[in-house]
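Observations on the model geometry
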Amino acid sequence: MTIHLVDIEQVTHTCPAFPDAHPFDIRRTLVDVIPGGPCRAPVTVRCGDTTALIPCRRHEPTKRQCGACRVIVTERTITTRHLTEVRG
């Protein structure tokens, strides 16, 4: 499995239309990528006389991909701040 570590920072605010605090600015930062390695179940694709072997992640839906090709996104930290905190 290829693992993507992500930090999320969201800024919330309140407005007359929606009095409950809700996010209006969400930023995601890719922190690290841990590769899963080479494909363990490559797929043969044919076009006329030409054949090519491609990783299953490029051809198969997620359920049918091998363990090395699957992508997992892990949220490392989630920071929520209100707009009044951001203004300083």
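Before going further, it helps to examine the overall build of the protein chain. For the protein chain, the count of helices and strands is one helix and five strands. Along the chain direction, N to C, the helices and strands of the protein chain fall in the order β-β-β-β-β-α. Along the three orthogonal principal directions, the C-alpha set of the protein chain runs to about 65 × 25 × 20 Å. The proportion of buried residues among the 88 residues of the protein chain is 19%. For the protein chain, the exposed surface amounts to about 6,700 Å²; the carbon and sulfur share of it is 54%. Taking the 12 positively charged and 9 negatively charged side chains of the protein chain as two groups, their mean positions are separated by 8 Å.

Below, the discussion takes up the sheet that holds strand S2 (residues 22–34). Adjacent strands of a sheet pair through backbone hydrogen bonds, lying either parallel or antiparallel. Pairing is mixed in the open sheet, where three strands are placed in the order S2-S1-S5. At either end of the open sheet lies a strand with only one pairing partner, and these are S2 and strand S5 (71–82). For this sheet, the mean inter-axis angle between neighbouring strands, taken without regard to orientation, is 20 degrees. With eleven bridges connecting them, strand S1 (residues 2–13) and S5 associate as parallel partners. Across the sheet, residue isoleucine 8 finds its bridge partner in S5, namely isoleucine 78.

With that settled, consider the pairing of strand S4 (residues 50–54). Here strand S3 (residues 43–47) pairs with S4 via five bridges, running antiparallel. Residue pairing for S4: arginine 46 is matched across the bridge by threonine 51. Hairpin remark: S3 followed by S4, antiparallel, with two residues in the connecting loop; positive phi at glycine 48, about 65 degrees.

Predicted confidence across the protein chain gives a mean pLDDT of 91, with 95% of residues reaching 70 or more. Here helix H1 (residues 83–87) stands out as the least confident element of the protein chain, with mean pLDDT 69; S4 is the most confident, with 95.

Before going further, it helps to spend a moment on the environment of cysteine 69. Along the chain, the position of cysteine 69 falls in the loop between S4 and S5. It is 20 Å that separates the C-alpha atoms of cysteine 69 and valine 31, two residues lying 38 residues apart in sequence.

On to the side chain of glutamate 60. With respect to the helices and strands, glutamate 60 occurs in the loop between S4 and S5. Looking at glutamate 60, its side chain comes within polar contact range of the side chain of arginine 64, at 2.9 Å. Filtering out sequence-adjacent residues up to four positions away, glutamate 60 remains in contact with Val43 and Gln65.

Calculation notes
Residues numbered from 1 in each chain as written. Predicted model: local features only at pLDDT ≥ 70, side-chain atom pairs only at ≥ 80, totals over all residues. Heavy atoms only, no water. Helix = DSSP H or I, 4+ residues; strand = E, 2+ residues; numbered from the N terminus. Buried < 20%, exposed > 50% of the residue type's maximum accessible area, 1.4 Å probe, protein only. Areas by Shrake-Rupley, 256 points an atom, 1.4 Å probe, with all protein chains shown as cover. Lys, Arg positive; Asp, Glu negative; His and termini not counted. Charge placed at Lys NZ, Arg CZ, Asp CG, Glu CD. Pairing = 2+ DSSP bridges. Axes fitted to C-alpha atoms, helices over the stretch in contact; angles between N-to-C directions. pLDDT = per-residue confidence, 0-100. Polar contact = N/O pair within 3.5 Å; in protein donor to acceptor, adjacent residues only side chain to side chain. Contact = heavy atoms within 4.5 Å.

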